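Listed below, chain by chain, are the residues.
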Amino acid sequence: MQITIEDISPVEKRVEFELPWTDVAPKLDKAYGALRRDVRVAGFRPGKVPRGVLERMYRGQVEDEVARELVETSLGQAIHENQLEPVAPPTVDKLELKSGAPFKFSARVEIRSQVTPKDYSGVPLSRRPAKVTDEQIDAEVEGYRRRLTEYKPVEGRAQTAAGDVVLVDISGRVGEHKLKHRTAAVDLEEEDTGPLPGLASRLVGIRIGGDPVEVKYTIDADTRQKELAGQAVDLRVTVKEVRQKKVPSLDDELAKDTGEAETLEGLRAKVRERLLESDTQRIRGELAQQLVKELIKRNDFPVAPALVERHAQAMLARAKRQLQASGVDVGAIDDRRMIADFREGAEQEARGNILVQAIAAREGITAADADVQKRVAELATARNESPKKLRADLEREQAMPQLEAQIREQKTLDMLISQAKITDEDPATADKTTADKLIVTPEEAAAEAKAETKAKSSKSKPKKKEPTP
């Protein structure tokens, strides 16, 4: 077999193949032999059908299968021998076998960027102070109250009232998207939660168990569910069930009922400590984002289009999950338009990923077995599973390489942050919403990329659970 490799670009190669007929003929013989054993042709005994008859009946099918087998084997050999790192399945020219002639074909292979990272030590970063406000503590304590609240059926009342928790049937549209018919619980005191932001207050005063009512409004631009901001809502809502809340008082008895403290002040102190630790972790994520943004500025290199497409598809999937959580029918979404919106952000995400991997390779950073065991144990604790079972599941699902890559990435970022020149912001002047805040939705990631290249999307903030009547 002759192999010729041509550079199309730093991240694309054309690979030319030529296989002599002496390599092709045995493959055809084997394929026809297998076909002869399995096929049934009228007038011939099983296994005795002449080759000429098989060629007349199945030639196209057999040659196509043999050509594909030759291509797969040849490509695998070329990729291994030339140490190529494809980021997507190769694109192969039209295949055609000609009896007695060499089998020729070519393939276009998109490969991972080859990067020699530079200027990654001592990167200047700005760190805001960790902060917990009384409002945040109040909100967390209020969460305990909600979880300990009792819900009693409403009697002797025909309409919903502020403070109720209602079970409703909802259908209609949000913007251009159809909302799937669904049943949802809505706390009429929680304006920005529930199936749609802004819905709760519009369900006050609706007849209980009556005919569907129309609810129309526009979602506020500053909603926490950024993918729904500014969308027009047109719903039909039926109230199926209503319950009143019996909310516990904010006192020491509440603290005891949580099982975390004996007094209300003790509970607030524990909440403050937990929120402070959470914000400290968030700040570390913000530092990592700043770091990768700066590294991208310092290291310019091309990225394979297929890799960018893969990241854009991942961003699309995240956006769809968020929309589905709000009840939007994602089947009507124009994937191509959303992918186009995400592509610029996806390219920067891909660049950041490649750079961190390249730095890890240059610095010899690996995921040791002890690192893997520790990470598996952490995941097992979070999932309430045994580490042994979880590791077996990950190995069976072939997810261990991904886990090891995540560990290498985190260790690399930790090293780079430890080497960075970090300036702490003045607590008196630090802005509550820093320029390097975590990106919580794909839409925000795409918007950030259009204004200034972004490094890496973070996971969406978990939504608070709604009480169920």
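Every value quoted in this text rests on a predicted model; they were computed, and no experiment measured them.

Engineer: Outline the packing of aromatic side chains, listing residues and values.
Structural biologist: Centre-to-centre distance and the angle between the planes together describe a pair of aromatic rings. Applying the stated rule across the entire model yields two aromatic pairs. Centroid distance Phe17 to Phe105: 4.5 Å. Interplanar angle 10°. Geometry classified as stacked. One end of the pair, Phe17, is in strand S2 (residues 12–19); the other, Phe105, is in strand S4 (residues 103–110), and 88 residues separate them in sequence. Each of the two residues, Phe17 as well as Phe105, counts as buried. Relative to Phe105, the ring of Phe103 has its centre 5.4 Å away and its plane inclined at 35°; by these criteria the two rings are tilted. Among the residues examined, Phe103 registers a relative accessible area of 1% and is labelled buried. Feature note: the residues Phe17, Phe103 and Phe105 constitute an aromatic cluster, connected by ring pairs. Above the ring of Tyr217, the side-chain terminus of Arg202 is found at 4.0 Å from the ring centroid. In this structure, Arg351 is placed above the aromatic ring of Phe301, and the distance from its NZ or CZ to the ring centre is 5.3 Å.

Engineer: Provide a residue-level description of the sheet that holds S4, including the pertinent values.
Structural biologist: One open sheet holds the four strands; their spatial order is S1-S2-S4-S3, and the pairing between them is antiparallel. What marks the edges here is a single partner per strand, and that holds for strand S1 (2–9) and strand S3 (91–92). Here S1 pairs with S2 via seven bridges, running antiparallel. Residue pairing across strands places Ile3 opposite Phe17, the latter belonging to S2.

Engineer: Pulling in residues and values, what's your account of the pattern of salt bridges?
Structural biologist: All told, the structure shown has 37 salt bridges when counted by the stated rule. Asp7 is the partner of Lys13 in a salt bridge, and the nearest nitrogen-oxygen pair spans 2.4 Å. Take Lys13: its relative accessible area is 15%, and that puts it in the buried class. Arg337 is the partner of Glu176 in a salt bridge, and the nearest nitrogen-oxygen pair spans 2.8 Å. In this pair, Glu176 sits in the loop between strand S7 (165–174) and strand S8 (177–187) while Arg337 sits in helix H7 (residues 335–363), placing the two residues 161 residues apart along the sequence. In this structure Glu176 comes out as partly exposed when scored by relative accessible area, which is 46%. Salt bridges here are not isolated pairs; linked through shared partners, they connect Arg128, Asp279, Arg282 and Glu286.

Engineer: Could you give an account of the nonpolar core, with specific residues and numbers?
Structural biologist: Soluble globular proteins tend to bury their nonpolar side chains together. Judged by nonpolar contacts, the single largest core of 66 residues is most densely connected at Leu196, Leu203 and Leu235. Taken together, the elements giving at least two residues each to this core come down to S7, S8, strand S9 (213–218), strand S10 (232–246), helix H5 (264–298), helix H6 (305–325), H7 and helix H10 (400–419). The biggest single contributor to this core is H7, with 11 residues. Dropping the residues within four chain positions of it, Leu203 is found in contact with Thr160, Val166, Val168, Val186, Leu188, Val215 and Val237.

Engineer: An account of the packing of helix H8 (residues 369–383) against helix H9 (residues 387–396) is needed here, citing residue identities and associated values.
Structural biologist: Geometrically, a packed helix pair is captured by the angle between its two axes and the distance between the axes. The interhelical angle for the contact between H8 and H9, taken along N-to-C directions, is 110°, at an axis separation of 9 Å. By the angle class used here, H8 and H9 are roughly perpendicular. Mapping the contact onto sequence places Asp369, Val372, Gln373, Val376, Ala377, Leu379, Ala380 and Arg383 in H8 and Pro387, Leu390, Arg391 and Leu394 in H9. Tallied by class, the residues present in the contact of H8 with H9 amount to eight nonpolar, one polar and three charged.

Engineer: Could you give an account of the packing of helix H1 (residues 21–38) against helix H2 (residues 51–81), with specific residues and numbers?
Structural biologist: Relative to each other, H1 and H2 sit at 125°, their axes nearing to 9 Å. Classified by the angle between their axes, H1 and H2 sit oblique to one another. Seen along the crossing, H1 lies across H2 with a hand that is right-handed. Here Val24, Lys27, Leu28, Asp29, Ala31, Tyr32, Leu35 and Arg36 of H1 lie close against H2, whose contacting residues are Arg51, Leu54, Glu55, Tyr58, Arg59, Val62, Glu63, Val66, Glu69 and Leu70. Grouping the constituent residues of the contact of H1 with H2 by class yields 10 nonpolar, no polar and eight charged.

Analysis parameters
Residues numbered from 1 in each chain as written. Predicted model: local features only at pLDDT ≥ 70, side-chain atom pairs only at ≥ 80, totals over all residues. Heavy atoms only, no water. Phe/Tyr/Trp six-rings, centres within 6.5 Å; stacked < 30°, edge-to-face > 60°. Helix = DSSP H or I, 4+ residues; strand = E, 2+ residues; numbered from the N terminus. Buried < 20%, exposed > 50% of the residue type's maximum accessible area, 1.4 Å probe, protein only. Lys NZ or Arg CZ within 6 Å of the ring centre and 35° of its normal. Pairing = 2+ DSSP bridges. Salt bridge = Lys/Arg side-chain N within 4 Å of Asp/Glu carboxyl O. Core = buried A, V, L, I, M, F, W, Y, C linked by side-chain atoms within 4.5 Å. Contact = heavy atoms within 4.5 Å. Axes fitted to C-alpha atoms, helices over the stretch in contact; angles between N-to-C directions. Parallel < 35°, antiparallel > 145°, perpendicular 65-115°, else oblique. Nonpolar A, V, L, I, M, F, W, Y, C, P; charged D, E, K, R; others polar. Left-handed = near helix turned anticlockwise from the far one by under 90°.

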